[in-house]
Amino acid sequence: MSFDGMAEQAAGFKFDPPGLDRDRFLVENRAALSGPGVRGFLAIADLWDLGEQDKIAILGYPGRSTFYKWAREARNGKPMRLSVDTLCRISAILGIHKTLGILYLMPEEGPQWLRLPNRGPLFGGQRPLDLILSGTMDGIMQVRRYLDAQRGGQFAAPTTAPFEHEPWRADDVVIVE
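Let me begin by describing the structure that accompanies this report. From a predicted model like this one, the values you see are computed outputs, not experimental measurements. (Residues numbered from 1 in each chain as written. Predicted model: local features only at pLDDT ≥ 70, side-chain atom pairs only at ≥ 80, totals over all residues. Heavy atoms only, no water.)

**Side note on the nonpolar core**
Then step 1. Among the nonpolar cores identified, the biggest contains 35 residues, and W48, I93, I96, W113 and I132 are the most heavily contacted of them.
Then step 2. Listed by contribution, the elements that provide at least two residues to this core are α2 (27-47), α3 (52-58), α4 (64-75), α5 (84-103), α6 (109-115), α7 (128-132) and α8 (137-151).
Then step 3. The element that contributes the greatest number of residues to this core is α5, accounting for six residues.
Then step 4. Residues contacting I96, with those up to four places away along its chain left out, are W48, I132, I140, V143, R144 and L147. (Core = buried A, V, L, I, M, F, W, Y, C linked by side-chain atoms within 4.5 Å. Buried < 20%, exposed > 50% of the residue type's maximum accessible area, 1.4 Å probe, protein only. Helix = DSSP H or I, 4+ residues; strand = E, 2+ residues; numbered from the N terminus. Contact = heavy atoms within 4.5 Å.)

So, in structure tokens, the structure goes:
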């Protein structure tokens, strides 16, 4: 009996949270997501101006030759299968990138925010990118959750981000009928 099976038997109920489909971890599903995931990750990494070591750190420190093999196979549409951990890292980066696109009007502002020191309690003066590049899934997910909270309207401490936009005034809003 598996550990999950023993835990379920001891607890008296089945651990099967709604909305979590364990099939997503099947080999064939990971194979279908791996190539597009790597291509998307590489495109975002280029937009963020990340270097080779940065990309490798985000992906969990695969060997350099492994990283280049993944990139080559993904670009050439070759079959590949990444680990669940690597796919989760890529998914988190895709989520960070998407949220930055929602929060910032200009495409260059999101990557700029990643590179600026942030006085928020989570960052303690570090750049958000430093947490992402820590090499841990936790660092990536902390930035992801922070941005998701921002998008949802949660409070955050002020940052030193250079905003040149004046707040909107009532006479700035035009209603067209």
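Still more ground to cover, so stick around.
**Side note on the environment of L100**
Then step 1. With respect to the helices and strands, L100 occurs in helix α5.
Then step 2. For L100, a relative accessible area of 4% corresponds to the buried category.
Then step 3. Each C-alpha atom, one on L100 and one on W113, is 8.7 Å from the other, the two residues being 13 residues apart in sequence.
Then step 4. Residues in contact with L100, not counting those within four places in the same chain, are W48, G110, W113, L114 and L147.

**Thoughts on α8**
Then step 1. Between its first and last C-alpha atoms α8 spans 21 Å; for 15 residues at 1.5 Å apiece the expected length is 21 Å, and the two agree.
Then step 2. Those residues of α8 that are buried lie in contact with α3, α5, α6 and α7.
Then step 3. Among the residues trailing α8, G153 stands out with phi positive, at a value near 90°. (Expected span 1.5 Å × (residues − 1).)

**Observations concerning unusual backbone geometry**
The phi angle of most residues is negative, glycine excepted, and most peptide bonds adopt the trans form.
Then step 1. At D49, a position not held by glycine, the phi torsion is positive, near 60°.
Then step 2. Here D49 is to be found in the loop between α2 and α3.
Then step 3. One non-glycine residue with positive phi stands out, namely Y61, at about 60°.
Then step 4. Residue placement: Y61 occurs in the loop between α3 and α4.

**Some thoughts on the pattern of salt bridges**
Then step 1. Enumeration according to the criterion identifies six salt bridges in this entry.
Then step 2. Its salt-bridge partner being E52, residue R64 comes within 2.8 Å of it at the nearest N-O pair. Taken together, the positions of R64 in helix α4 and E52 in helix α3 put the pair twelve residues apart, joining distant regions of the chain.
Then step 3. Here E73 makes a salt bridge to K69, at a shortest N to O gap of 3.9 Å. Note that E73 and K69 are positioned in helix α4 at a spacing of four residues, about one turn of the helix.
Then step 4. Residue K69 is classed as partly exposed on the basis of its relative accessible area, which comes to 41%. (Salt bridge = Lys/Arg side-chain N within 4 Å of Asp/Glu carboxyl O.)

**With respect to the packing of aromatic side chains**
Then step 1. Considering all chains together, one arrives at four aromatic pairs under this definition.
Then step 2. Geometrically, the ring pair formed by F67 and Y68 is edge-to-face, given 5.1 Å between the ring centres and 75° between the ring planes.
Then step 3. Measuring from centroid to centroid gives 6.0 Å for W113 and Y146, while their planes differ by 15°, and the two rings are stacked. Here W113 is found in helix α6, whereas its partner Y146 is found in helix α8, with 33 residues between them in sequence. Exposure class is identical for W113 and Y146. Each is buried.
Then step 4. The rings of W113, F123 and Y146 are connected pair by pair, giving a single aromatic cluster. (Phe/Tyr/Trp six-rings, centres within 6.5 Å; stacked < 30°, edge-to-face > 60°.)

Treat this as a map of the structure, not an account of what it does.
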